[in-house]
Amino acid sequence: MPNPPTNKKVCFVASGGVTINAFLQEPIRRLSEHHQVYVVANLAAGESLSCVSDPDKLMTVHIERKISLWRDAVALLKLIRIFRHHRFDVVHSITPKAGLLAMVAAYLAGVKTRVHTFTGQVWATRTGFSRWLLKSMDCLTAYSATHVLVDSASQRQFLLDEGVISANNSSVLCNGSVSGVDPQHFKPDPAARLKLRMELGIGEKSTVFLFIGRLNRDKGVLDLAAAFASMSTRTPAAHMLVVGPDEDHMQMAMKQHLSTCIGNVHFLGFANNPQDYMAGADVLCLPSYREGFGNVIIEAAAVGIPAIGSRIYGIVDAIAEGESGLLFEARDVQGLVSCMETLNDDRALREKLGAQARARVEKDFSSDKLGSAWMEYYQGLA
């Protein structure tokens, strides 16, 4: 019989509450059953987190996503004071900037166990000085950590090949992802499908493609717009939903590509209920140039729809090619068009891939399975 987990005083550090809510609710809930769990994040005044019921275990430090030497230095000093005051057994960070500041601060504060979770690299698509600087920051984060988690096997291999992390202190939980997906929350929902389509004026027989995420260049949204416009010349009944916050005026640039089919494209902004849009769609599209894992892919899979994704690290773990979706080479618009046309024309294939995608999530990526993996991981920490 395994030994019970040793009670530890644990502090999670993230740039904002959105990250905690999106990725760490279930791990924090599980760990709180046996450990004292605190959270430090960049929270707005009065903002709370459902996974942290004790307000004394929730602390705010202003951590910006972009580089700001003065504000970053202030945040670093605040983190050092917090870590020294509370004497945490473990400091665990997620997101790049929070990781850098938390791991360095924990190292300087003498925290013995320091864990960082890598969820993707901004510098993967950069060149020159920008790539060197951002990569160096990740190297410093990894150097300051005693343990490293990576949310996909292919991303871990990329980081090993780039010399950012070492093999002896890095690992991936289960088959990838930070916390998996709850198949009882993300599931096929015929009522939500009908409601959404009625609200948007989309017929049941129309194929609906879906993008969910931040609208920026690295997500490949301009490629997606060009591909949908090209496909629409042959399949004018198809629709596309674009869900997520606009960054760098991408919506305007996308609309220029979509001028000939703009009536069939629905820009819906940020949504707190992505499962409803997934239920109303037939195919998820994620044509990213960089991605740590692509959790939205397994969320859509749990709803029962297949995905089309670029063949890059992270996404190749989230999509089993030919089993739960299709892959194409990143930036290859014609390759994306071909995948979209294949799934638009073959409803039986869409439904087969969607059913297999949900079965794969239940087997490999359920939040319950990932939650157990978190418990085992923390039990094994020195």
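Residues numbered from 1 in each chain as written. Predicted model: local features only at pLDDT ≥ 70, side-chain atom pairs only at ≥ 80, totals over all residues. Heavy atoms only, no water.

J.: What am I meant to see in the overall build of the protein here?
T.: The secondary structure content of the protein amounts to 14 helices and 13 strands. With the C-alpha coordinates aligned to their principal axes, the bounding extent of the protein is approximately 65 × 50 × 40 Å. Residue burial in the protein is summarised as follows: out of 382 residues, 56% are buried. Contacts spanning at least 24 positions in sequence make up 70% of the contacts within the protein whose residues lie at least 6 apart. Accessible surface, the protein as shown: approximately 16900 Å² in total, 53% of it carbon and sulfur. Positive and negative side-chain charges in the protein, numbering 39 and 38 respectively, have mean positions lying 5 Å apart. (Helix = DSSP H or I, 4+ residues; strand = E, 2+ residues; numbered from the N terminus. Buried < 20%, exposed > 50% of the residue type's maximum accessible area, 1.4 Å probe, protein only. Contact = heavy atoms within 4.5 Å. Areas by Shrake-Rupley, 256 points an atom, 1.4 Å probe, with all protein chains shown as cover. Lys, Arg positive; Asp, Glu negative; His and termini not counted. Charge placed at Lys NZ, Arg CZ, Asp CG, Glu CD.)

J.: What should I look at first to understand the pattern of salt bridges in this one?
T.: Opposite charge on two side chains lets them pair, provided their charged atoms get close. Within this structure, the stated rule accounts for 22 salt bridges. Among the ionic pairs, Glu-64 bridges to Arg-71, the shortest N-O distance being 2.5 Å. Given the relative accessible area of 18%, Glu-64 is considered buried. Among the ionic pairs, Lys-135 bridges to Glu-162, the shortest N-O distance being 2.8 Å. A residue pair is termed long-range when its members are at least 10 positions apart, and Lys-135 in helix α4 (residues 128-144) and Glu-162 in the loop between α5 (153-161) and β7 (170-171) qualify at 27 residues. For Glu-162, a relative accessible area of 27% translates into the label partly exposed. Members of the salt-bridge network, linked through shared partners, are Glu-26, Arg-29, Arg-30, Glu-33 and Asp-368. (Salt bridge = Lys/Arg side-chain N within 4 Å of Asp/Glu carboxyl O.)

J.: Any chance you could explain the packing of helix α7 (residues 221-232) against helix α8 (residues 250-257) here in plain terms?
T.: The angle between the axes and the distance between the axes are what describe a pair of packed helices. In contact at an axis separation of 8 Å, α7 and α8 are set at 25° when each is read in the N-to-C sense. Overall, the two elements α7 and α8 adopt an arrangement that is roughly parallel. Here the hand of the crossing between α7 and α8 comes out right-handed. Taken together, the residues of α8 that come into contact with α7 (itself represented by Val-221, Leu-222, Ala-225, Ala-226 and Ala-229) are Met-250, Ala-253, Met-254 and His-257. Its residues assigned to classes, the contact of α7 with α8 comprises 8 nonpolar, 1 polar and no charged. (Axes fitted to C-alpha atoms, helices over the stretch in contact; angles between N-to-C directions. Parallel < 35°, antiparallel > 145°, perpendicular 65-115°, else oblique. Left-handed = near helix turned anticlockwise from the far one by under 90°. Nonpolar A, V, L, I, M, F, W, Y, C, P; charged D, E, K, R; others polar.)

J.: Is there a simple way to think about the sheet that holds strand β2 (residues 36-42) in this case?
T.: Hydrogen bonds along the backbone pair up the strands of a sheet, which may run parallel or antiparallel. With parallel pairing, the 7 strands of this open sheet are ordered in space as β3-β2-β1-β4-β5-β6-β7. Sheet topology places β3 (58-60) and β7 at the edges, where each strand pairs with a single neighbour. Examined bridge by bridge, strand β1 (residues 9-16) and strand β4 (residues 90-94) share 4 bridges and lie parallel to one another. Looking at the pairing, Phe-12 lines up with His-92 of β4. Running at roughly 160° to β4, helix α3 (residues 96-109) makes contact with β1, β4 and β5 (113-118) of the sheet. (Pairing = 2+ DSSP bridges.)

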